[in-house]
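# Tertiary structure, described
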Amino acid sequence: MFALREDAPKTVFLGVEVYSFGFHVALGLALALILLAALLRKHKWKAGYAPLTGVLSMACGFVLSRLFFGFMDESLGQTMPLWAMLRVNTGGYSMMGALIGACIGGMIAAKITKQSPARLLDLLAPCLLVFAACERLGEGRIEEFGVSRFLSDELFKGTFLTVETDFGLRLNTFYLEAAVMAILAVVLLLDISPKRKAGDTFLLFLLLFGGAQILLESLRYDQHMTIKAYVKLQQVMAMMLLGTGIIVLALRCWRQKKALAIASLIAIPVCVSAGVGIEFMIDRTAVSHYLLYAAFLAVVGVLVFLGLKLRKEAAKG
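Anyway, here's the lowdown on the structure attached to this text.

### Details of helix α1 (residues 20–42)
Residues separated by three or four positions in an α-helix point in the same direction, a consequence of the helix having 3.6 residues per turn. Between its first and last C-alpha, α1 extends 33 Å over 23 residues, near the 33 Å set by a 1.5 Å rise per residue. All of the buried residues along α1 are Ser-20, His-24, Val-25, Gly-28, Ala-32, Leu-35, Leu-36, Leu-39 and Leu-40. Within two residues after α1, Lys-44 carries a phi angle of roughly 60°, on the positive side.

Put into structure tokens, the structure is as follows:
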């Protein structure tokens, strides 16, 4: 058994001392697997698909999570050397890598069992969000992780949403992220239907999760997965997820709604450019952060709205 690090937050579970963050990750995995098994059973998939999907999704998610962090994070001034990546008990993982890896694992499982990868991704999507909600809560057990910039006012002082430090208040973004993930998981569960085209619910996942995570990653200021101390790679990946969903839906609607499809494709670079500009203003101007984040929400909202509109039209076609 590994000796637990003395400086890491711990908790006791069933009489055994474990890492607090690891406990939340394990809880998230357990709930995600239970939900996946229930969904597969509800939709009459054969017995055995859930364990295979779970094993492959966890394995691929773990590997990509570590690789994404190792090759992309520069919060310590450089990327992780290859020898250090093998020391998996030292920490250092990417949520985006874990989710993308889990999707790849699910697609491999579907191919092995000769099922529809798109249909399996529909069922896997809400399970991933349940895992993400628990993992985000676990981040709150790590000092100065999952928190925002120092707040310029005391609007939320004295609430669970903030933590007070020697230099001021910081927003506990991990609570917001966990709540958003839980809400989106419910939305996706309500959306799943055998009447929908395979992959439609997963596309909704790309739109809603990608859009939400763009804003939530902007709120975070813990230097996780950064380059040059300000380029947030997981925020960039969230933009890519949202953009991918829109592009796929635009191609589906190209014949029956060509104008809407073209407008949506044009909106991607326009809104991304506007979002990058706002992101720089947040750190480099004295403009109210409330005003800037309202503008940021509007910009991202335009893309999500266009994606949802495309999805609705594609369903009609």
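Now that the structure has been shown, the text picks up again.
### Regarding empty space enclosed by the protein
Taken as a whole and judged by the stated rule, the model has 2 cavities of 30 Å³ or more. For the largest cavity, the calculated volume is near 90 Å³. Lining the largest cavity we find Ile-214, Met-239, Leu-242, Gly-243, Ile-268, Cys-271, Val-272, Gly-275, Phe-296, Val-299, Val-300 and Leu-303. Counting only elements with at least two residues in the lining of the largest cavity, the list comes to α8 (233–252), α9 (258–284) and α10 (289–316). Its residues assigned to classes, the lining of the largest cavity shows 10 nonpolar, 2 polar and no charged.

### Let's talk about the pattern of salt bridges
Scanning all chains against the criterion turns up 14 salt bridges. Salt-bridge contacts for Asp-191 lead to Arg-311; the nearest nitrogen and oxygen are separated by 2.6 Å. Of the two residues, Asp-191 is situated in helix α6 (residues 173–191) and Arg-311 in helix α10; the sequence distance between them amounts to 120 residues. With a relative accessible area of 8%, Asp-191 lands in the buried category. Residue Glu-279 is joined to Lys-232 by a salt bridge in which the shortest nitrogen-to-oxygen separation is 3.6 Å. One end of the pair, Glu-279, is in helix α9; the other, Lys-232, is in strand β7 (residues 231–232), and 47 residues separate them in sequence. Note on accessibility: Glu-279 and Lys-232 belong to one class, buried.

What counts and how
- Residues numbered from 1 in each chain as written.
- Predicted model: local features only at pLDDT ≥ 70, side-chain atom pairs only at ≥ 80, totals over all residues.
- Heavy atoms only, no water.
- Helix = DSSP H or I, 4+ residues; strand = E, 2+ residues; numbered from the N terminus.
- Expected span 1.5 Å × (residues − 1).
- Buried < 20%, exposed > 50% of the residue type's maximum accessible area, 1.4 Å probe, protein only.
- 1 Å grid on protein atoms, 1.4 Å probe; cavity = no way out; pocket = protein on both sides within 12 Å on 5 of 7 lines; lining within 4 Å.
- Points joined across faces, edges and corners; volume = space filled by probe spheres on them.
- Nonpolar A, V, L, I, M, F, W, Y, C, P; charged D, E, K, R; others polar.
- Salt bridge = Lys/Arg side-chain N within 4 Å of Asp/Glu carboxyl O.

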